[in-house]
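# Report on the structure
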Amino acid sequence: MSAKVLPFYQKKQKHFDLDYRNTQARYAIQEYTAARAAQRSAVRTSSTSASPQFVPHAERFRTSAADEQLQYTVPPFRKRTEGPSEGASRSVRFSSQLAQIEEEIQRARSAAREHLDRVTIQRMVEERAALERHIHEESMIRSPDILVRLRSHTVWERTPVKFFFTVQGYPDPIVKWYKNDVLITAASEPGKYHFTNKYGVHSLEINRCDIHDTATYTAVAVNVHGQAATNAALIVKRYRGEEEPYHSVLLPLRLPALPDIVFTHIDVQFLEKFDVSFGTEGDTLTLSCLLLVTPDLTRLKPQAQWFRDDVLIEESKWAKMSFEEGRATINMPHLNKDDEGLYTLRMVTRGGVNQHSAYVFVRDAAAPVVGAPGAPMDIACYDANRDYVIVTWKPPNTASESPVIGYFVDRCEVGAENWIQCNDAPVKICKYPVTGLHEGHSYVFRVRAVNKSGISKPSRISNQVAALDPADLDRLHTIHLEGGKKLVICEDDLEGEVKVPGSPTNVYASETSKTYVVLSWEPPVPRGREPLMYYIEKSLAGSTGWQRVNPEVAIRSPRYAVFDLAEGKSYSFRVLSVNKYGVSDPSVPTKPVQAAERIGVPSAPGRVLATRNAKTSVVVQWEKPKLGEELLGYYIDSSIVGSNHWEPCNHRPIKYTRFVVHGLTTGEKYLFRVKAVNAVGASENSQESEAIIVQPALTSPSHPYGITLLNCDGHSMTIGWKLPRFTGGSDITGYYIDKRLKDEILWEEVNPKPVTLRVHKVENLKEGSSYEFKICAANIAGLGLPSDPSDFFKCEAWTMAEPGPAYDLTFLEVRNTSLVILWKAPIYTGSSPISGYFVDYQEIDAQEWVTVSQKTTPNRYLKVNGLEEGKTYVFRVRSVNAAGPGRASDVSEPVLVKVRPGTKEISSGVDEEGNIFLAFECKDMTDASSFIWNKSYEEITDTNKYGVETVGPVSKLYFKDPDKNDLGNYSVVVTDTDGISSSYSLEPDELERLMALRHEIRHPTIPLKYELSYEIFEKGQIRFWLQAEKLSPSAEYHFIINDKEVKNSETHKIKCNVPDGIIEMWMDRFTIENEGTYTVQIQDGKAKNQSSLVLIGDAFKAALAEAEFQRREYLRKQGPHFLEYLRWFVTEDCNVMFDCKVANTKKESVFKWLKDDAVVVPEEPPNLQTGVCHLLITEFSKKDQGEYKAKVSDDRGQDVSTLDVSGKVYENIILELSRVSGSSASDLKVHCTPDGIRLQCFLKYFLEDMKVAWYHKESKISSTDRTRIGGTSDQAWMQICGPTDKDKGKYTFEIFDAKQSYKRTIDLSGQAFDEAFAEYQRLKQAAFAEKNRGKVVGGLPDVVTIMEGKTLSLTCTVCGDPAPDVVWFKNDKELELNDHYRVSLEQGKFASLTIIGVCSEDSGRYGINVKNKHGGETVDVTVSVYKHGEELPPAKLPPSHKPAPVDPAPAAPAPAAQPQAQPMKKEPTTRYGRPSRK
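Conventions we followed
- Residues numbered from 1 in each chain as written.
- Predicted model: local features only at pLDDT ≥ 70, side-chain atom pairs only at ≥ 80, totals over all residues.
- Heavy atoms only, no water.
- Pairing = 2+ DSSP bridges.
- Helix = DSSP H or I, 4+ residues; strand = E, 2+ residues; numbered from the N terminus.
- Axes fitted to C-alpha atoms, helices over the stretch in contact; angles between N-to-C directions.
- Contact = heavy atoms within 4.5 Å.
- Salt bridge = Lys/Arg side-chain N within 4 Å of Asp/Glu carboxyl O.
- Buried < 20%, exposed > 50% of the residue type's maximum accessible area, 1.4 Å probe, protein only.
- Expected span 1.5 Å × (residues − 1).
- Polar contact = N/O pair within 3.5 Å; in protein donor to acceptor, adjacent residues only side chain to side chain.

## Topic: the sheet that holds strand 88 (residues 1275-1281)
If you walk across this open sheet you meet the four strands as 83-84-88-87, and the pairing is antiparallel. Edge positions in the open sheet fall to strand 83 (1229-1233) and strand 87 (1267-1272), since each of these has one partner strand only. The sheet shows a mean angle of 25° between the axes of neighbouring strands, taken without regard to direction. Here strand 83 runs beside strand 84 (residues 1236-1242); their pairing, made up of five bridges, is antiparallel. Opposite His1231, over in strand 84, you have Arg1238 as the bridge partner. Helix 8 (residues 1311-1332) contacts strand 83 and strand 84 of the sheet and is inclined by roughly 25° relative to strand 83.

As structure tokens, this is what we get:
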């Protein structure tokens, strides 16, 4: 496992680009180097020193300002001189100069090219650096991170001091310095402050410090991604003579004495503290403390630091901290079990540290599945690399759930929201190597626990971790260029031309478990410049064959987790390096490695000891387990004795062997157990501790208080005091008194031996001297703290006539508006006996005392009423005798008038033995607590009359022989508590109730659930029975009939069901001889009871008749019988259905329907298999009345069911038909006729027997000649004959059933009436015309066949008013009359056409047209002529033989219509079978 500190980019970044090696810049430099080498070879012939030189390969990137200048010079030309051989010398000189010029030009070109290449390279580097910087800025979050923090200093005055700190971040953070939260700059005090920054190391130098420089200095680093701060204190000391100063070279060796420095002490007090807190996962929890800082100086504010289990809590989204206005607060907006622990608030000041601690418990949230475990916690990641990281966590506590069988690890890329499960099968240990990460990406992880019930909720997510190799940072090197620019290169660039990488080294197994082995190695050296990957091979120990572990995907990290290893076998591993040029040789194989857990499951912890701590907490201690490697901690479980249910006490493992368990119930008895956990799993549970009752631990008592002087005779003083408020959990064994004279220092012991009473006489005092006293209380735990010294009491004899003070004021039964005060009588009574007392009270901070009653009370107790809830009062008592009121008692302690939560009152009752008792329960009592019962606030001591029994937190006061003398006020006080008490007034009515209940218990009767009664069964059997509340197996019972006991026999079967308390007697045959009285007598121990049943007269006759009926029914059901008798109902189609159900039939069984003893055959035969038989009657009417029978029979017998459909039954059927029809009735519609206006309503079925009514304007309409009412089978109508304006208005049709009516209305007025009236007039005229027009009444046949030569006469009767005109036609042409065709009209109504001597030409269609002013019609007849000897031709009907109407002439006004007779309704025909109407 790597122990390296995580580099900055794994702490803060999300995604990190891998282009920091600047591969493009490296390739550009290589190209430039090759080109430069070619140029050097071209100019190597010149030996001049002016040509530029490049530094060696390793130094070629280190450039300076001088390298940027052209390194060549132009030499001066020589002066011309004339010589003897001027031409030759000139030629030589010119040639030499030309060569020099050419060489210098060549050098200038070379230098210019080199300069241009350098500028090009630098521009490329700058562009690449800018691109990298842009990528880094976009893909990384590098907020300021302080690596080295400020350190505090203490210096002498007038000496300098320097503060240093180191910060890193991207972009470079800006640093500001503050002195006591006030910004300081170089201009604040010129020459005082000096700031520097070198490579991230910032410093602040303060010259010539003085005492005013004592302060807290803070450095704040800020960039666009965030900020970070660090602070330190500076204390400047001033030389005071006895101290040896720091001898600076700038100061003289001797300094004059300076005044002392006055240091300010800052006192921090906790006014409000946070207590032990409980929360649930997902809740919000806030802890806060209210502080008093003295003095409260802005520049010297204390620093609030929060710790969890002694680890400083950093500000994060899980914890928000603040310190404002004297209140330090930490808010946890979303609790997880990671937040459980001991929280400490430390207030750091110059004078020291004040702190307060309390434990925070975080319970598991409700699991997604019942029985699933809680979530894991403390998720951490380490050993991260390019594609690999190890995730660890702590297991949850499973106190009542089934054990955890494994875990699932999930990952999520930062910025995404989808979680990916890393392992297919649950991993059994709390550690898992996650592979397959993407290099340069950041991830967060979470873990879920699994047991047999299901999967837990996920844990809190881990911190972000980047998938990068931390060794890559060590291979980076920075080259500084001109202008402050930097070039970052990697060691790969300096290794030369390495292509195939070397072999990895130092291969070893860094992690082992049962399921995997984690291999680690070091990259090859040299590794080459190309990206490097690895392959892993494994081999069984002793084998020579190697198998590649990752043949498909090469890995990039020098870490890899190998899974799928055979359990119990050893393997060797080796690693190969790969790049694009090839594969390295294998590394040296590892030693044989076996897949096994490095550590085992711890053994169970040792002996568990539980001790008392407080009212709701217990201290649990245990011994470490014998086998406990790398423990993560311990879990503690608790169980209430007898419940067999275990609850977790802590939800996050603790690492120490002592724990305070909070949140327990006071007074309950608990068991505890402990188990140890490590990464492999949890141990077995330890042995259970001994049972312990949750109570406060035993401590020494608190101090007594209220010391008062009760009497003095000049040589001794009698003093009294009050019981300590808390006895420490045990009885007070005694008191020790000390005295001291006024103006003396030493205290003198009064009693070497403890006194047990709270009143003591101190002897041997000096008269006239003043004394003060203090008192200590002791119990078995030791001696408590002494009380505060009393007031000074002067030792002088009391001689006044008035009484002395009452003392020991005690308050009981404090409620919202009242309390009870008790006191003790004065020791000094004065000149006469005490006659009474006055009680005064005063509201706190008030000026006047209020007396409760103007009359004295003779008792030494008083209930004070009329107090105000929530206010605080003080009290005093004044004793009174014949001389008057005496000294008032000492003022009591303040009493808050408010009922305490959970206050209980005394209850009364009677126990199982019949004893009357008063009971009181107190959950807050200790071992030293006891119940003191009082009557009239005097302790009960009469054991002959009362008894007290206390079991646990409940005490009962028993009345041994209760009577009227026991009436009164009873009270109980629980000692060693905060004044828990109650009272009960036993009134006469309550005592009478309790006495009655006592008598009932002592003289019990057996309670009966049901008295004696009888039941009759199907065979005519009768069962007499009763049921008691409870019976024991030894209960005795007797049945007595007519004063004679009946024993168990064949005729009287008697038995008792003890668990149900049922006693019963069965009689198979109940006859007239069994008339009489039946009694059952029961005795069960002392309890008795009896019950009687009288069966005489009518009661016996009814029972006998029922028995006979049930016997007959039994016999009837032996053959085919009716299970459901004949009944009727109406279907939705308004059909009447009769049905019944038969049972116990067979194939030979016959079923018949009969009406009035006549067989009715339904269309649907009965189905005897199902037993359901139907008879359907459609269009039900009066004719369907009669007696209907259903008969079923076979060889075993027959059964008949009868239904008389008449009278009330018929009426009910009609009402049901009315209901079905009325509920579906249509709206009223208007229909006009020649006689008037008709209103009609369409129904499913209408019958005259239905109860219907018509209304006009709320007035009922009767059927008359003018308003006719009628209907058909599917409609009901009402016709208004000869309507007038009086007939306008609202019309209502109403149909009634048995419970309600159904109404339909229409408004016949306005336009509706006008339209209807117009239609009526039109129809009336049309009817008049139809009645009086010309008509052919009869006489003409449709077809006439005649032989030639015969005479044909066609005669018909015509009518009309006035008499119509008659015209004959042949083939639609008017017939021309001659001797062949003759027509006649006799009496105005008999028309005839005679054809004489018929011939074949006379064949054709003849017609007669009859017409008057109202109209007419044409009737046709076909004449067919055949010759003699021919067959008679078949008769052919014309296409239409109906009379053809003829339009009337303009009609005269028609006379008034005559009333017509009401049409008779056709009686419906009964149909049996399926319905014919829809």
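Still to come is the rest of the account.
## What to know about unusual backbone geometry
Of the consecutive residues Asp1361 and Pro1362, the connecting peptide bond is found in the cis state with omega at 0°. Summarising the element assignment, Pro1362 is placed in the loop between strand 93 (1352-1359) and strand 94 (1365-1370). In this model, Asn1042 sits at a positive phi of 50°, which is unusual for a non-glycine residue. Relative to the elements of secondary structure, Asn1042 occurs in the loop between strand 70 (1036-1041) and strand 71 (1044-1046).

## What to know about the pattern of salt bridges
Within the structure shown, the criterion is met by 61 salt bridges. Put simply, Asp410 and Arg446 hold a salt bridge, and the shortest N to O gap is 3.1 Å. Of this pair, Asp410 sits in strand 21 (residues 406-413) while Arg446 sits in strand 24 (residues 442-451); the two residues are 36 residues apart in sequence, bridging distant segments of the chain. Of the two residues, Asp410 and Arg446, both sit in the buried class. Residues Asp1068 and Lys1053 are paired through a salt bridge, measuring 3.9 Å at the closest nitrogen-oxygen approach. With Asp1068 in the loop between strand 73 (1062-1067) and strand 74 (1076-1084) and Lys1053 in strand 72 (residues 1053-1057), this pair connects stretches of sequence that are 15 residues apart. Residues joined in a network through salt bridges with shared partners are Asp309, Asp378, Lys394 and Arg652.

## Overview of the sheet that holds strand 9 (residues 226-237)
The mixed open sheet is built from five strands, whose spatial order is 2-9-8-4-5. Each edge of the open sheet carries a strand with a single partner, namely strand 2 (153-156) and strand 5 (182-184). Averaged over all adjacent pairs, the angle separating strand axes in this sheet is 35°, with direction ignored. For strand 4 (residues 174-179) and strand 5, the ladder comprises three bridges, and the chain directions are antiparallel.

## Let's talk about helix 6 (residues 1098-1116)
Here helix 6 spans 26 Å end to end across 19 residues, near enough to the 27 Å set by a 1.5 Å rise per residue. Of the positions making up helix 6, those classed as buried are Phe1100, Ala1103, Leu1104, Ala1107, Gln1110, Glu1113 and Arg1116. Residues of helix 6 that are buried in the fold lie against strand 68 (1008-1016), strand 75 (1087-1095), strand 76 (1121-1130) and strand 82 (1197-1205).

## Focus on the environment of Asp339
Position of Asp339 among the secondary structure elements: in the loop between strand 16 (327-332) and strand 17 (341-349). Along the backbone, Asp339 and Gly279 are 60 residues apart, and their C-alpha atoms lie at a distance of 9.9 Å. For Asp339, the residues in contact, after removing those within four places along its chain, are Arg308, Met332, His334, Val360, Val362 and Arg460. Looking at Asp339, its side chain comes within polar contact range of the side chain of Arg460, at 2.6 Å.

## Side note on the side chain of Ser879
Mapped onto the secondary structure, Ser879 falls in strand 57 (residues 872-881). For Ser879, a relative accessible area of 0% corresponds to the buried category.

## Topic: helix 7 (residues 1208-1223)
End to end, helix 7 covers 22 Å across 16 residues, agreeing with the expected 22 Å (1.5 Å per residue, within 8%). Among the residues of helix 7, those classed as buried are Tyr1210, Ile1213, Ile1214, Leu1217, Ser1218, Val1220, Ser1221 and Gly1222. In this structure, the buried residues of helix 7 make contact with strand 76, strand 77 (1136-1143), strand 82, strand 89 (1289-1296) and strand 90 (1301-1308).

## Focus: the environment of Leu994
The topology assignment puts Leu994 in helix 5 (residues 988-1002). A relative accessible area of 1% means that Leu994 is categorised as buried. As for Leu994 and Asn915, which are separated by 79 residues in sequence, their C-alpha atoms are 9.2 Å apart. Leave out the neighbours within four places in its chain, and Leu994 touches Ser908, Gly909, Val910, Ile916 and Leu986.

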